[in-house]
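Summary of structural features
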Amino acid sequence: MSSPTRAAAVRSTTDPAPGPPLLEVRDLWVEYRTSYGLTNAVNGLSYSVNRGETLAILGESGSGKSVAARAVLGIIESPPGYVTGGEVLFDEVDLTRLPAKEMRRIRGERIAIVFQDALTALNPVFTVGFQIAEMFRVHRGMSHADATRKAIELLDRVRIPNAHNRVGDYPHQFSGGMRQRVMIAMAIALEPDLLIADEPTTALDVTVQAQIMALLAELRHDLGMGLVLITHDLGVVAEVADRAVVMYAGRGIEYAPIGELYKSPAHPYTRALMRSIPRADQKGGRLEAIDGAPPNLSAIPAGCEFHPRCPLAAPVCSEERPDPVEVAAGRRSACHFAEKVVSGEQ
Ligand code: SF4
């Protein structure tokens, strides 16, 4: 994991735009029905993101963060996946109720996604220039020459060196970091209002990770987009995000401005996560592993989902599921003892 010490370098420096959130996910539920049984992938997730803001969605593998992003985009494969409840309000329109044709238009023009694996997401038999230019040909009706010119401009904008010559290259001719830049170029081609980046740097080395994050933050600023950054890497998040949602077992268990999340996590799970990552500002000492394993989403524990692993668990924890409650301005935690945790009493 990368160090969180460059936190302020590329974070938003302006207040979010006034008015309703750009995206508001309300009590979202997603399940998968397979021959092996029912998997409760997303269980009442809520969050919002404003224009010009970067929201990090943090969680271990299997916490439901990528499934939730797919539900927002309307690309859950169904069957076996089903959105069974909740609303996804984008500019105050519920995307879960839109006809497929209208949803496709929004997905192409107003909401874009960058996937983790650019090599899989890009088509290996077409040049990167052709794939970017196609966005302009299909959505803007541009001629081949104009669309190719735009593709070169975009490759240049995401800092592909010598873009004019590389526009005719195929995906396999680029390094992992450069392929991710190509994916970002495609995602921002139509200047979306919202960009969702799903583990965009997982397969990259630390130096390239930082470069990609800085690029995303710069584009978010220049285009005034909302940016949702999905990651398991707390270090990456510290460098770019304004706020964070921590997910566990398919729902948000802590919501906080990013600096406060690092300084004084209010949920025992977040606190354990923080102790498990190396930090450049803390020399010596041992990193702590979190006891136990993430819950099986086909058999989520009753009460607080984290109670089998939680060092603070009390009898009430296995009986009642705590809802997120406000523990300070702009901060919420789904723990029966959140106030004591955030104050350091526990
Ligand atoms: Fe731990 Fe109980 Fe809080 Fe859950 S509700 S995180 S088990 S103390």
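1. Describing the nonpolar core
Ranked by size, the top nonpolar core spans 43 residues in total, and within it I132, L155, V182, I184, L195 and L216 carry the most contacts. At the level of secondary structure, the elements contributing two or more residues to this core comprise β6 (111–114), α4 (128–140), α5 (144–157), α7 (176–188), β7 (194–198), α8 (206–223), β8 (226–231) and α9 (234–240). Ranked by size, the runner-up nonpolar core spans 34 residues in total, among them Y32, L45, L95 and V228.

2. Some words on the sheet that holds strand β4 (residues 81–90)
Reading across the sheet, the four strands line up as β2-β1-β4-β5 and stay open at both edges, with antiparallel pairing between neighbours. Among the strands making up the open sheet, the edge pair consists of β2 (37–49) and β5 (93–94). Note: strand β1 (residues 23–34) against β2, 10 bridges, orientation antiparallel. When the sheet's bridge partners are listed, E31 is paired in β2 with N40. In the packing of helix α1 (residues 65–73) onto the sheet, contacts are made with β1, β2 and β4, and the angle to β1 comes to roughly 110°.

3. As for the pairing of β7
Of all five residues that make up β7, five are buried, and the element is covered over most of its length. Across the two faces of β7 the burial is the same, with L194, I196 and D198 and L195 and A197 all buried. Direction of pairing for β6 relative to β7: parallel, over a ladder of four bridges. From the neighbouring strand, I111 faces β7, where its bridge partner is L194. Handedness of the β7-α8-β8 crossover: right-handed.

4. Description of the site of the ligand
The immediate surroundings of the ligand are formed by 13 residues, with C304, C310, C317, C335 and H336 found nearest. Tallied by class, residues from the shell around the ligand come to 10 nonpolar, three polar and no charged.

5. Description of the sheet that holds strand β12 (residues 331–333)
The eight strands lie next to each other as β6-β7-β8-β3-β9-β10-β12-β11, forming an open sheet whose pairing is mixed. For this open sheet the edge positions go to β6 and β11 (325–328), each flanked by a neighbour on one side alone. Within the sheet, the average angular offset between the axes of one strand and its neighbour, ignoring direction, is 25°. Direction of pairing for strand β10 (residues 251–257) relative to β12: antiparallel, over a ladder of two bridges. Pairing of E254 across the sheet is with S333, part of β12.

6. Side note on the layout of surface pockets
In this model, the largest pocket occupies a volume close to 540 Å³. Lining the largest pocket are 19 residues, with R107, G108, I113, M135 and M186 positioned closest to its centre. Broken down by secondary-structure element, the contributors of at least two residues to the lining of the largest pocket are α2 (100–109), β6, α4 and α7. With five residues, the single largest contributor to the lining of the largest pocket is α4. Taken together, the residues of the lining of the largest pocket break down into 13 nonpolar, three polar and three charged. Counted as a void, the second largest pocket has a volume near 280 Å³.

7. Observations regarding the pairing of strand β9 (residues 243–248)
The buried fraction of β9 amounts to five of the six residues, a majority that puts the element mostly inside the structure. Strand direction decides the pairing type here: strand β3 (residues 54–58) and β9, joined by four bridges, are parallel. Following the sheet pairing, I57 is matched in β9 by V245. Relative to β10, β9 is paired through six bridges, and the arrangement is antiparallel. Bridge pairing links V246 to E254 in β10. Counted along the chain from β9 to the antiparallel partner β10, the turn is two residues long, and its residue A249 has a positive phi close to 50°.

8. Side note on the pattern of salt bridges
In this structure the tally under the stated criterion is 21 salt bridges. Among the salt bridges present, the one from E60 reaches R309, with a minimum N-O distance of 3.5 Å. With E60 in the loop between β3 and α1 and R309 in the loop between α11 (268–275) and β11, this pair connects stretches of sequence that are 249 residues apart. The exposure class assigned to R309 is buried, which follows from its relative accessible area of 8%.

9. Examining unusual backbone geometry
With omega at -10°, the peptide bond leading from S78 into P79 counts as cis. Within the secondary structure layout, P79 lies in the loop between α1 and β4. In this chain, P79 is followed by P80 through a cis amide linkage whose omega measures 10°. With respect to the helices and strands, the residue P80 is situated in the loop between α1 and β4. The backbone of A249 shows a phi angle near 50°, a positive value even though the residue is not glycine. On the secondary structure map, A249 appears in the loop between β9 and β10. Under the relative-accessibility criterion, A249 is labelled buried at 4%.

So, how was this worked out
Starting from 1, residues in each chain are numbered consecutively following that chain's sequence as written. Note on the predicted model: pLDDT of at least 70 is required for a residue's local features to be given, and 80 or more for side-chain atom pairs to be given and counted; whole-chain, interface and lining totals, by contrast, use all residues. With hydrogens and water excluded, all non-hydrogen atoms of the structure serve as input to the side-chain values. Only buried residues count toward a nonpolar core. Its members are Ala, Val, Leu, Ile, Met, Phe, Trp, Tyr and Cys residues joined through side-chain atoms within 4.5 Å. Here the term buried applies to any residue with accessible area under 20% of the maximum for its type, exposed to any over 50%, and partly exposed to those in between, with areas from a 1.4 Å probe on protein chains only. Where helices and strands are cited, they refer to DSSP runs of H or I of at least four residues and of E of at least two residues respectively, numbered from the N terminus. For two strands to be treated as a pair, DSSP must find no fewer than two bridges joining them. Whether two residues are in contact is decided by their heavy atoms, any of which lying within 4.5 Å being enough. In this description, a line fitted to the C-alpha atoms serves as the axis of each element, helices being fitted only across the stretch in contact, and the angle between N-to-C directions of two axes falls anywhere from 0 to 180 degrees. Here the term right-handed applies to a crossover when the path leading from its first strand over the helix to its second strand runs clockwise, the strands being oriented away from the viewer. We call a residue near a given molecule or strand whenever any one of its heavy atoms falls within 4 Å of it. When residues are sorted by character, Ala, Val, Leu, Ile, Met, Phe, Trp, Tyr, Cys and Pro go into the nonpolar class, Asp, Glu, Lys and Arg into the charged class, and all the rest, Gly among them, into the polar class. As defined here, a cavity is a set of points on a 1 Å grid over the protein atoms alone where a 1.4 Å probe fits but cannot get out. A pocket is an open set with protein on both sides within 12 Å along at least five of seven lines, and residues line them when an atom is within 4 Å of a point. Grid points are joined across faces, edges and corners, and a volume is the space filled by probe spheres set on the points. Think of a salt bridge as a Lys or Arg side-chain nitrogen and an Asp or Glu carboxyl oxygen that are within 4 Å of each other.

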